[in-house]
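# Tertiary structure, described
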Amino acid sequence: MKVDASTCMRCGACASVCPLNLIEVSDAQVKVGDKCTDCGACAKACPVGAIEIERKI
Amino acid sequence: MNEKYDVAVVGAGPAGSIAARAAARSGAKVLLLDKRHELGVPVQCGEALGEDVLRELRVKPDSRWAVHKVNVAKIVSPSGIAVYMSEKAAGGKIGYILDRKIFDKHLATLAADAGSDIRVGTVVDGLLSDGGKVRGVRARGPNGRTEVCADVIIAADGVMSRVARWAGINTVLKLDDLESGAQFQMVGIEFESPTTMEYYLSSKLAPGGYVWIFPKGKDMANVGLGVLASRAEHRPIDYLRNFVNSRPNLQKGRVIEINAGGVPVGGPVKETVRDGLIIVGDAARHVNPLTGGGIDYAMRAGDIAGEVAAKAVAEGNTSKKRLSEYQRRWMKLFGKRLGKYLKAKNVIINFSDAELDELAEAVQGVKFERISLSALLRVLIKSHPKLLWKLRGPM
């Protein structure tokens, strides 16, 4: 997953649905752990559409 | 660096700050940590709160943060049928619209006044544990990395609820249990009355949620909405733009602030204590699943959590069994009520727009003498038993 830093409001809705607890939201950034499977839950949760999922083929 | 406290509270929202105040008042050495550099920012909330919890927890309302008073709720069905609930002019209850940027700082100040240490701009990024028992947190902040040992950790880390998960309690939200919300603070708008909170229900405006207009002054309001993440076909902020653009009374207004956030609406977490750990507020999903309101429950849970944590530390027993006093008390205070509203939500959320219109029509003329969700539900069940037969028992 990729976060558009200028759209993101740092609300943490993404982290609340991450099944692997990989997302850390702070004032400065959204950090994602390297075990992300691009499941897309975070993108669906985001109120402002700041998250893009790159589907692995 | 290695530090030692009796109680460490992660997150300085309403639950965390009230918990820190309560623990410090009960004699504990307390540290309140928050990742944000400025408490209360960014706002992730519609900012409405009833007066009861403030009175009961002795937080004196102040016009710096209780910025506006409301006493009417207007609920509008998809086709525009309005149902009104009004508090009596004399002796009725006051609803406040808050300024969370000031309110949250005020609650943290109350914690500080009670003796709690506070550290902002400090991200908690892991737990210290010892054979399954939580014994502290790892954090990084302006002064680098630190390890804070504490006999009890109070997890008040909000909707993300990462601390509970590190401790092995599954608080992951399903997309069915998350309201994804966006809000504009608008100026130069018109609305029915500055003392009326407006709610709009419609699958087109806000699928699985609702739109709200909460006045903050005569031409200023929080205009926001929540949509169920599993049902949204567009971004919540786009639903909000559509709503505002479709209303002549709003479209000429100006947006002076944009807020966003997630609200857990799947009902409270079943397990809110572990050895050395208590979970409170949004992290424990202490939110009314039907309205998405949670400040009230968060503060009440925080107050109980802080007191129980401090007593447990003083007794030298911070086991899950000892801390379960907290779980028993919040369950008794509001757990049953949240369960009831969850049942109501699960029924109401599946109504079509036509059915919502039918319900509104059935209770349109009823005179409600206070703003009460349970009174509304009772009248709805009575007026339209066919649609709401599933709720007859629980309400």
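Structure's up top.
Okay, so let's go over this structure. None of the values given here were measured: they were computed from a predicted structure.

## Describing the pattern of salt bridges
All names here are of chain B. Taken as a whole and judged by the stated rule, the model has 33 salt bridges over all chains. Of the charged contacts in the structure, one is a salt bridge between K4 and D151, with a shortest N-O distance of 3.3 Å. Here K4 is found in strand β1 (residues 2-10), whereas its partner D151 is found in strand β11 (residues 144-155), with 147 residues between them in sequence.

## Structural notes on the nonpolar core
One finds V7(B), I154(B), I278(B), V280(B), Y326(B) and L388(B) to be the most contacted residues of the largest nonpolar core, which totals 65 residues. Among the elements that make up this core, the one with the highest residue count is helix α7 (residues 295-315) of chain B (10 residues). L388(B) has contacts with V347(B), F351(B), L359(B), L380(B) and I381(B), leaving out every residue within four places of it along the chain. Among the nonpolar cores identified, the runner-up in size contains 47 residues, and I23(A), V159(B), L173(B) and M186(B) belong to it.

## Let's talk about the packing of helix α9 (residues 353-363) of chain B against helix α10 (residues 373-383) of chain B
Residue and element names in this part refer to chain B. Where α9 meets α10, the axes come as close as 9 Å, and the angle between the chain directions of the two elements is 100 degrees. By the angle between their directions, the pair α9 and α10 is classed as roughly perpendicular. Residues L359, A362 and V363 of α9 touch α10, and the partners they reach there are V379, L380 and S383. The class makeup of the residues in the contact of α9 with α10 is 5 nonpolar, 1 polar and no charged.

## Focus: the packing of helix α1 (residues 14-25) of chain B against α7(B)
Residue and element names in this part refer to chain B. Packing of α1 against α7 leaves a shortest axis separation of 7 Å and a crossing angle of 30 degrees. By the angle between their axes, α1 is roughly parallel relative to α7. Handedness of the α1/α7 crossing: right-handed. Together, P14, A15, I18, A19, R21, A22 and A23 of α1 and I295, A298, M299, G302, D303, G306, E307 and A310 of α7 make up the contact between the two elements. By residue class, the composition of the contact of α1 with α7 is 10 nonpolar, 2 polar and 3 charged.

## Digging into α1(B)
Residues and elements named next belong to chain B. Helix length check: α1, at 12 residues, gives a terminal C-alpha distance of 16 Å against a target of 16 Å (1.5 Å per residue), a fit within 8%. Along α1, 11 of the 12 residues are buried, which leaves the element largely enclosed by surrounding structure. Buried positions along α1 lie against β1, β2 (30-33), α3 (100-113), β11 and α7. Phi turns positive, to about 100 degrees, at G27, one or two residues after α1.

## As for the interface of chain A and chain B
Chain A puts 26 residues into the contact, and the matching count from chain B is 31 residues. Buried area between chain A and chain B, summed over both chains or domains, comes out near 2,200 Å², and the portion from carbon and sulfur atoms is 54%. There are 1 salt bridge connecting chain A and chain B. E24(A) is the partner of R140(B) in a salt bridge, and the nearest nitrogen-oxygen pair spans 2.6 Å. The tally of links from chain A across to chain B stands at 10 residue pairs in polar contact (both at pLDDT 80 or more). Contributions of two or more residues to the side of chain A that touches chain B are made by α1 (13-17), β2 (23-25) and α2 (41-45) of chain A. When residues in the side of chain A that touches chain B are grouped by element, the largest group, 4 residues, is from α1(A). The residue inventory of the side of chain A that touches chain B, partitioned by class, reads 15 nonpolar, 6 polar and 5 charged.

Reading the values: rules and limits
Residues numbered from 1 in each chain as written. Chains lettered and ligands numbered in written order. Predicted model: local features only at pLDDT ≥ 70, side-chain atom pairs only at ≥ 80, totals over all residues. Heavy atoms only, no water. Salt bridge = Lys/Arg side-chain N within 4 Å of Asp/Glu carboxyl O. Helix = DSSP H or I, 4+ residues; strand = E, 2+ residues; numbered from the N terminus. Core = buried A, V, L, I, M, F, W, Y, C linked by side-chain atoms within 4.5 Å. Buried < 20%, exposed > 50% of the residue type's maximum accessible area, 1.4 Å probe, protein only. Contact = heavy atoms within 4.5 Å. Axes fitted to C-alpha atoms, helices over the stretch in contact; angles between N-to-C directions. Parallel < 35°, antiparallel > 145°, perpendicular 65-115°, else oblique. Nonpolar A, V, L, I, M, F, W, Y, C, P; charged D, E, K, R; others polar. Left-handed = near helix turned anticlockwise from the far one by under 90°. Expected span 1.5 Å × (residues − 1). Buried area = accessible area lost by both parts, 1.4 Å probe. Polar contact = N/O pair within 3.5 Å; in protein donor to acceptor, adjacent residues only side chain to side chain.

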